[in-house]
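Chains, contacts and geometry: an overview
Chain by chain, the residues run as shown.
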Amino acid sequence: MDKLIEIDKITAAYGNKTVLKDVSLTVWKDDFLGIIGPNGGGKTTLLKVILGLLQPVSGAIRFYQNGVEVSSLRIGYLPQLNNIDRKFPISVWEVVASGLAAEKPRFRSYTAVQKERIEVVIRQMGLEDLYTRSIGELSGGQLQRVLLGRSIVSRPQLLILDEPTRGIDVGAKWEIYNIIIDLAKQGVGIILVSSEMEEIINLSDRILVMCEGQINGCLTKEEATQEKIMNLASEVQVCERTII
Ligand code: ADP
């Protein structure tokens, strides 16, 4: 199996508060990795380290492509919905297109190929009737699909989802799940952080339980039950573990 990311004994902190303690983890190509655990357990901080938004105090993070170490990967990121300013006057098309901004020459418009890619993604997200709609006029589920479109338009090798359906009603949740399942089938590696057990168990191929800045255990889809997850979440970490 091809490895995508190797996290090697990462310790991370905000100021003098240590929130990740010696965390080791391998993320595989085609992985669908769910991460669950109590609030404040360090899940978002681990994502920040992977995204390069937080520099670890110690340890190493290595990226791989076709078995060779590379300096970075294309990673799509869907942050928690409550971090988004919905008053910002920007349309559905513009938000999805902004996911390609880094590839666009400055002060030039998107190329025909990029515009075609944006159209494809808008259709894939089921947003074709909302192209010019301002994001402030969208429901939570529609907005989340717009942001998901932005995070995948650049064809990431890995997609990181932080509580993608928090605050979204059941019907809209399923629209998002189906898109995520399709992306996984297309070979995009996925890391899903969620506090919803059913979501994690139904979608992920393996499930990490994170608690107090450490990984308390890893379960496969077949082994995972709510009870086992609860037990792992309440287990006190006594020794360092490497999860592969
Ligand atoms: P989770 O995603 O599992 O809820 P987080 O990674 O968000 O956990 O938080 C882990 C710990 O780090 C918590 O105690 C939280 O209060 C703290 N924390 C998170 N972000 C910051 C920050 N920017 N500054 C200081 N402490 C933070």
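Predicted model, so just to flag it, every value in this text is computed and none were measured. (Residues numbered from 1 in each chain as written. Predicted model: local features only at pLDDT ≥ 70, side-chain atom pairs only at ≥ 80, totals over all residues. Heavy atoms only, no water.)

So, on to the overall build of the protein. For the protein, the count of helices and strands is 7 helices and 10 strands. Radius of gyration (C-alpha) of the protein: 18 Å, near the 18 Å computed for a compact globule of 244 residues. Sorting the 244 residues of the protein into buried and exposed places 48% on the buried side. Contacts spanning at least 24 positions in sequence make up 68% of the contacts within the protein whose residues lie at least 6 apart. Roughly 12,200 Å² of accessible area belongs to the protein as shown, and the carbon and sulfur atoms make up 50% of that amount. Separation between the mean location of the 28 positive side-chain charges and that of the 30 negative ones in the protein comes to 6 Å. (Helix = DSSP H or I, 4+ residues; strand = E, 2+ residues; numbered from the N terminus. Rg over C-alpha atoms; globule rule 2.2 N^0.38 Å. Buried < 20%, exposed > 50% of the residue type's maximum accessible area, 1.4 Å probe, protein only. Contact = heavy atoms within 4.5 Å. Areas by Shrake-Rupley, 256 points an atom, 1.4 Å probe, with all protein chains shown as cover. Lys, Arg positive; Asp, Glu negative; His and termini not counted. Charge placed at Lys NZ, Arg CZ, Asp CG, Glu CD.)

Take the site of the ligand next. Around the ligand, the neighbouring residues are Tyr14, Lys17, Val19, Pro38, Asn39, Gly40, Gly41, Gly42, Lys43, Thr44 and Thr45. The contact in question runs from an oxygen atom of the ligand to an N or O atom on the side chain of Lys17, over 2.9 Å. One of the side-chain N or O atoms of Thr44 is found 2.8 Å from an oxygen atom in the ligand. When residues of the shell around the ligand are traced back to their parent elements, those giving at least two are strand E2 (17–28) and helix H1 (43–51). Per element, the largest residue contribution to the shell around the ligand is 3 residues, and it comes from H1. Residues of the shell around the ligand, tallied by class, amount to 3 nonpolar, 6 polar and 2 charged. (Near = heavy atom within 4 Å. Polar contact = N/O pair within 3.5 Å; in protein donor to acceptor, adjacent residues only side chain to side chain. Nonpolar A, V, L, I, M, F, W, Y, C, P; charged D, E, K, R; others polar.)

This brings us to the confidence of the model for the protein. Confidence in the prediction of the protein, expressed as mean pLDDT, is 90, and 95% of residues score 70 or more. Every residue in residues 238–244 scores below 50 in pLDDT, and together they form 17 contacts with partners more than four places removed in sequence or on other chains. (pLDDT = per-residue confidence, 0-100.)

Ranked by internal contacts, the top residues of the largest apolar core, which has 47 residues, are Ile118, Leu148, Leu159, Leu161, Ile190 and Ile229. Ranked by residues supplied to this core, first place goes to helix H5 (residues 170–185) with 6 residues. With residues near it in sequence (within four places) discarded, Leu161 still touches Leu78, Leu148, Ile180, Ile190, Ile191, Leu192 and Val193. In this structure, Leu4, Leu73, Leu158 and Met210 belong to the second largest nonpolar core, which totals 25 residues. (Core = buried A, V, L, I, M, F, W, Y, C linked by side-chain atoms within 4.5 Å.)

The next subject is the pairing of strand E3 (residues 32–36). Judged by how many residues are buried, E3 sits mostly within the fold: 5 of 5 residues are covered. In this structure, E3 lies alongside strand E9 (residues 206–211), joined through 4 bridges in parallel fashion. Bridge pairing in E9 places Gly34 opposite Ile207. (Pairing = 2+ DSSP bridges.)

Below, the discussion takes up the pattern of salt bridges. For the coordinates displayed, the defined rule picks out 8 salt bridges. Glu6 is the salt-bridge partner of Lys3, the closest N and O atoms lying 2.6 Å from each other. Two residues, Arg206 and Asp31, come together in a salt bridge whose shortest N-O distance is 2.7 Å. Of this pair, Arg206 sits in strand E9 while Asp31 sits in the loop between E2 and E3, and the two are 175 residues apart along the sequence. (Salt bridge = Lys/Arg side-chain N within 4 Å of Asp/Glu carboxyl O.)

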